[in-house]
Amino acid sequence: MRVLLTGGAGFIGSHTALCLLEAGHEIVALDNLNNSSPEALKRVSELTGKQATLVVGDCTVEADVEKVFTEYGPFDAVVHFAGHKAVGESVSIPLEYYRNNLNSTLVLCNVMKKHGCLNLVFSSSATVYGTNTQVPLHEDLPTGCTNPYGWTKWMNEQILTDWSHAEKDVSVVLLRYFNPIGAHQSGRIGEDPSGIPNNLMPYVCQVASGKLQKLHVFGNDYDTVDGTGVRDYIHVCDLANGHLKALEYAVEHKGVEVVNLGTGEGYSVMQLVHAFEEANGIEIPYVVDPRRPGDIAICYADPKKANEKLKWQATRTLTDMCRDAWNWQKQNPFGYHGDENK
Ligand code: WQD
């Protein structure tokens, strides 16, 4: 297959690019480099010995998307990763989140339609399950969100579902990611957050490297195994493989499927911290702070549907995730730029 990856230079996009190239597919990434580096795809090319083509352009700009289809197509399918993704920021600048995350999908689908490319895999998120307390989270549970970022994922799911209902040749797979962490085992590609990380694993890695002093654990009074929040952490390479399987499914089927990508296992913040300490032989100093507003106690996937429909399941353990995340951080203390002042 020849596949277009919007946002293909980002954390999940670059790992998926590598996975698709290794499986013998061709990829082209369209990325505005707003929150990613061209270095990621350069390294994907080095690791695979295959061409990871990057086109710098914006998915909300029709001329940019049109140019990729005209000059680099035809494509058998598209994976739409591109989007703003910071929950807190989305609360401060909601209009920008709605503009970017919805316009990109509308522009993309119109250009796909024009070029007769009707197979799409979309990066959705477990955040669409909102405050559901019924775990494991199954795809049929009611949805709803608690922040604008989440609503953009939810609205995109609706847009793509409506499109697939209206046009019988359209094939859409909506992938609801749980908590992707880790990095490629080579340590050459990984997560490169700008500024102080919001998410747990990148924060832990920066404490381990001495860049940050200590971890702030957001609440230890939840109704969980040790009082700290429980999440379904999934290795980014397992997640990337889920995209390969979703693409194979999309080109063979029509209509829309919504599929969880998670391991089905929940770990608490302190369980993750201890797994990191054990896997890497590094102590992580921490303090307990109040709960973070908007957080829920427990979130983990029912991964059965991914297994049945996509023939996919996660294979990597929490220890693998901790080891690979640290391996990347150690080798790239300043991310892709190698520059402390980034
Ligand atoms: C995990 C756990 C925190 C940081 C978010 C988005 C979601 C998706 C992934 C992506 C929670 C605790 C965290 C810290 C802590 N988005 N924590 N100290 O909130 O499950 O999901 O990222 O693009 O939409 O909501 O992930 O890694 O932020 O938090 O104690 O410094 O770690 O309270 O229990 P979350 P997370």
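Thresholds, definitions, all that
Residues numbered from 1 in each chain as written. Predicted model: local features only at pLDDT ≥ 70, side-chain atom pairs only at ≥ 80, totals over all residues. Heavy atoms only, no water. Helix = DSSP H or I, 4+ residues; strand = E, 2+ residues; numbered from the N terminus. Rg over C-alpha atoms; globule rule 2.2 N^0.38 Å. Buried < 20%, exposed > 50% of the residue type's maximum accessible area, 1.4 Å probe, protein only. Contact = heavy atoms within 4.5 Å. Lys, Arg positive; Asp, Glu negative; His and termini not counted. Charge placed at Lys NZ, Arg CZ, Asp CG, Glu CD. Pairing = 2+ DSSP bridges. Axes fitted to C-alpha atoms, helices over the stretch in contact; angles between N-to-C directions. 1 Å grid on protein atoms, 1.4 Å probe; cavity = no way out; pocket = protein on both sides within 12 Å on 5 of 7 lines; lining within 4 Å. Points joined across faces, edges and corners; volume = space filled by probe spheres on them. Nonpolar A, V, L, I, M, F, W, Y, C, P; charged D, E, K, R; others polar.

Visitor: Any details on the overall build of the protein? Residues and values, ideally.
Guide: The helix and strand inventory of the protein stands at eleven helices and 14 strands. For 342 residues, the compact-globule formula gives about 20 Å, and the C-alpha radius of gyration of the protein, at 19 Å, lands near that figure. Taken along its principal axes, the extent of the C-alpha atoms in the protein is 55 × 45 × 40 Å. Looking at the protein as a whole, 55% of its 342 residues qualify as buried. Sequence separation of 24 or more characterises 80% of the internal contacts of the protein that already satisfy a separation of 6 or more. The positive charge centre, built from 28 side chains, and the negative charge centre, built from 41, are 3 Å apart in the protein.

Visitor: An account of the sheet that holds strand β11 (residues 255–261) is needed here, citing residue identities and associated values.
Guide: Read across the sheet, seven strands follow the order β3-β2-β1-β4-β5-β6-β11 without closing on themselves; strand pairing throughout is parallel. A strand with exactly one partner marks an edge of an open sheet, and here the two such strands are β3 (52–56) and β11. Within this sheet the neighbouring strands show an average axis-to-axis angle of 20 degrees, counted without direction. Bridge analysis of strand β6 (residues 171–177) against β11 gives seven bridges, and the strand direction is parallel. In the sheet register, tyrosine 177 faces β11, and the bridge partner there is leucine 261. Where helix α6 (residues 148–166) meets the sheet, its contacts fall on β5 (119–125), β6 and β11, and the angle it forms with β5 comes to roughly 155 degrees.

Visitor: Break down the sheet that holds strand β14 (residues 298–299) for me, with residues and values.
Guide: Each strand in a sheet pairs with another by means of backbone hydrogen bonds, the pair being arranged parallel or else antiparallel. Read across the open sheet, the three strands follow the order β12-β9-β14; overall the sheet is mixed. Where the open sheet ends on each side, the last strands, each with one partner, are β12 (267–268) and β14. Across two bridges, the pairing between strand β9 (residues 230–231) and β12 is antiparallel. Residue pairing across strands places arginine 231 opposite tyrosine 267, the latter belonging to β12.

Visitor: So what's going on with empty space enclosed by the protein? Residues and values would help.
Guide: What the rule picks out here adds up to one cavity of 30 Å³ or more. Size it by volume and the largest cavity reaches roughly 40 Å³. Grouping the constituent residues of the lining of the largest cavity by class yields two nonpolar, seven polar and one charged.

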